[in-house]
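Each chain, letter by letter, is given below.
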Amino acid sequence: MPKMRAVQVSRPKAPFEIVEREIPEPGPGSVRIKVQACGVCHSDTLTKEGAFPLVQYPRVPGHEVVGVVDALGSGVGRWAPGQRVGVGWHGGNCGYCDACRRGDFFVCQTFTAITGITYDGGYAEYMIARAESLALVPNELSPVEAAPLMCAGITTFNCLRNSGARPGELVAVLGLGGLGHLAVQFAAKGGFRTVAIARGKDKEPLARKLGARNYIDSQTQDPAAELKKLGGAKVILATVTNGDAMSAAVGGLGTNGTFMVIGAAPSLTVSPLQLLGGRQSVKGWYSGTSIDSQDTLDFSVLAGVRSMNEVFPLERVDEAYERMLSGKARFRVVLTMGG
Ligand SMILES: [Zn+2]
Ligand SMILES: [Zn+2]
């Protein structure tokens, strides 16, 4: 049997193991992907550290996967070997439960398919993916360019386009890390008056290069007051995971403004009086499904949005993961499979 290299976690908090496995065969409704690149996302800690109840071990992490369709299982139309595809967090859905029939595929009631969590992901030379989880990758994007767009990209782009903000309106991006550096680009290229909020004056040149018209240094300035001076934000896209940083910015919403939460902070303080007085809202956003990923990739080509990446070969997975955890990577970490 032909073999492949894969990185697996054999139990919660166990070290990564590079193992040889048989190349898997796709079952009905699934395809096999020859993986070319896979992003290392902070949510991979759910598999690595065992912080998610649905993980069964051993498990191969990775939900920012880009590769080439290599074999088809039975019953898969439309897709063909040789097509370039990506797979994100959303690993599939049944299509017939109540939620799916309402179009809410992300809360499918039949099964929870999460790439790299409930089935093996992209830290491997091959993986199996359900056909409905595939996004077509445009030729203009290399595997390394496309991979981070499958989670960090779709999350920020899809959140922004569903936020209710219209071109020309004030959109603030809170945080300038893996998510934030993409959100600023998507907001600027989407035609919004884009404000970046981050810690320290040193990030201002980058924020402006990415398209921000204004920069607020949250260490020396009050983000809420500064946003108010600019007229108040229609949308604040909160990419940080720090609840205090979120709470300090939420007061910068304008009338009918929406605070869109995509960073998993433990808690957030907001004044009900402010919300009702300004008819404002706080809303969470789930990344999206495969067609949202495909739209993210297409928009990125159209508008020239690119993730800034640090690239490691698969065998240096420990280093890559530590780099991601350190928070010092500029800005996303991507594994490549070689060959
Ligand atoms: Zn992710
Ligand atoms: Zn369903």
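From a predicted model like this one, the values you see are computed outputs, not experimental measurements.

**Side note on the coordination of the zinc ion (ligand 2)**
Reasoning step 1: At the metal site, the zinc ion (ligand 2) is ligated by Cys94 (SG), Cys97 (SG), Cys100 (SG) and Cys108 (SG), and these contacts range over 2.3 to 2.4 Å.
Reasoning step 2: Each of the four donor atoms around the zinc ion (ligand 2) contributes to a set of angles spanning 104 to 118°, which defines the coordination as tetrahedral.

**Structural notes on the packing of aromatic side chains**
Centre-to-centre distance and the angle between the planes together describe a pair of aromatic rings.
Reasoning step 1: Following the criterion strictly, the structure yields seven aromatic pairs and no others.
Reasoning step 2: An aromatic cluster of at least three residues, connected via ring pairs, comprises Phe16, Tyr123 and Tyr321.
Reasoning step 3: In this arrangement the basic side chain of Lys48 is found over the ring face of Phe16, its NZ or CZ atom lying 5.0 Å from the centre.

**Section: the sheet that holds strand S10 (residues 214-217)**
Reasoning step 1: Ordered in space as S10-S9-S8-S11-S12-S13, the six strands form an open sheet in which the pairing is parallel. Every other strand in the sheet has two partners, leaving S10 and strand S13 (281-284) as the edge strands with one partner each. For this sheet the average axis-to-axis angle between neighbouring strands, irrespective of direction, equals 20°.
Reasoning step 2: Across four bridges, the pairing between strand S9 (residues 193-198) and S10 is parallel. What sits directly across from Ala198, in S10, is Asp217.

**Describing helix H11 (residues 317-326)**
Reasoning step 1: All of the buried residues in H11 are Val317, Ala320, Tyr321 and Met324. Down the axis of H11, the sector holding all buried residues measures 95°, keeping them to one side.
Reasoning step 2: Close packing links the buried residues of H11 with strand S1 (3-9), strand S2 (16-22), strand S3 (30-40), helix H1 (45-48), strand S14 (309-313) and strand S15 (332-336).
Reasoning step 3: Of the residues trailing H11, Gly327 is marked for its positive phi of about 75°.

**Some remarks on the environment of Leu230**
Reasoning step 1: Structurally, Leu230 can be placed in the loop between helix H7 (223-229) and strand S11 (233-238).
Reasoning step 2: Spatially, the C-alpha atom of Leu230 lies 9.5 Å from that of Val195, the residues being 35 residues apart in sequence.
Reasoning step 3: Setting aside anything within four residues of it in sequence, one finds Leu230 in contact with Leu170, Arg193, Val195 and Asn214.

**Details of the pairing of strand S5 (residues 84-87)**
Reasoning step 1: What you see with S5 is no split at all: Arg84 and Gly86 on one side and Val85 and Val87 on the other are buried throughout.
Reasoning step 2: Direction of pairing for strand S4 (residues 65-72) relative to S5: antiparallel, over a ladder of four bridges. Along S5, the bridge assignment pairs Val68 with Arg84.
Reasoning step 3: Two elements, S5 and strand S7 (residues 134-136), share three bridges in a ladder whose sense is antiparallel. The residue bridging Val87 from the neighbouring strand is Leu134, located in S7.

**Description of the pattern of salt bridges**
Reasoning step 1: For the structure shown, the criterion picks out 18 salt bridges.
Reasoning step 2: A salt bridge links Glu25 to Arg32; the nearest nitrogen and oxygen atoms lie 3.3 Å apart.
Reasoning step 3: Close ionic contact of Glu64 with Arg332 constitutes a salt bridge, the shortest N to O distance being 2.7 Å. Here Arg332 lies in strand S15 and Glu64 lies in the loop between H1 and S4, a separation of 268 residues in the sequence.
Reasoning step 4: Relative accessible area serves as the criterion here: at 8%, Arg332 is assigned to the buried category.

**Remarks on the packing of helix H4 (residues 152-161) against helix H5 (residues 180-189)**
Reasoning step 1: Viewed as axis vectors pointing N to C, H4 and H5 meet at an angle of 40°, and their least axial separation amounts to 9 Å. The angle between the axes of H4 and H5 places the two elements in the oblique class. In the packing of H4 onto H5, the handedness of the crossing is right-handed. When H4 is examined against H5, the residues Ala152, Gly153, Thr156, Phe157 and Leu160 are found in contact with a partner set consisting of Leu182, Ala183, Phe186 and Ala187.
Reasoning step 2: Residues that form the contact of H4 with H5 fall into these classes: seven nonpolar, two polar and no charged.

Criteria and cut-off values
- Residues numbered from 1 in each chain as written.
- Chains lettered and ligands numbered in written order.
- Predicted model: local features only at pLDDT ≥ 70, side-chain atom pairs only at ≥ 80, totals over all residues.
- Heavy atoms only, no water.
- Donors = N, O, S within 2.8 Å, 3.2 Å for Na, K, Ca; no water.
- Tetrahedral: all angles 85-135°; square planar, octahedral: opposite > 155°, others 65-115°.
- Phe/Tyr/Trp six-rings, centres within 6.5 Å; stacked < 30°, edge-to-face > 60°.
- Lys NZ or Arg CZ within 6 Å of the ring centre and 35° of its normal.
- Pairing = 2+ DSSP bridges.
- Helix = DSSP H or I, 4+ residues; strand = E, 2+ residues; numbered from the N terminus.
- Axes fitted to C-alpha atoms, helices over the stretch in contact; angles between N-to-C directions.
- Buried < 20%, exposed > 50% of the residue type's maximum accessible area, 1.4 Å probe, protein only.
- Arc of directions from axis to C-beta.
- Contact = heavy atoms within 4.5 Å.
- Salt bridge = Lys/Arg side-chain N within 4 Å of Asp/Glu carboxyl O.
- Parallel < 35°, antiparallel > 145°, perpendicular 65-115°, else oblique.
- Left-handed = near helix turned anticlockwise from the far one by under 90°.
- Nonpolar A, V, L, I, M, F, W, Y, C, P; charged D, E, K, R; others polar.

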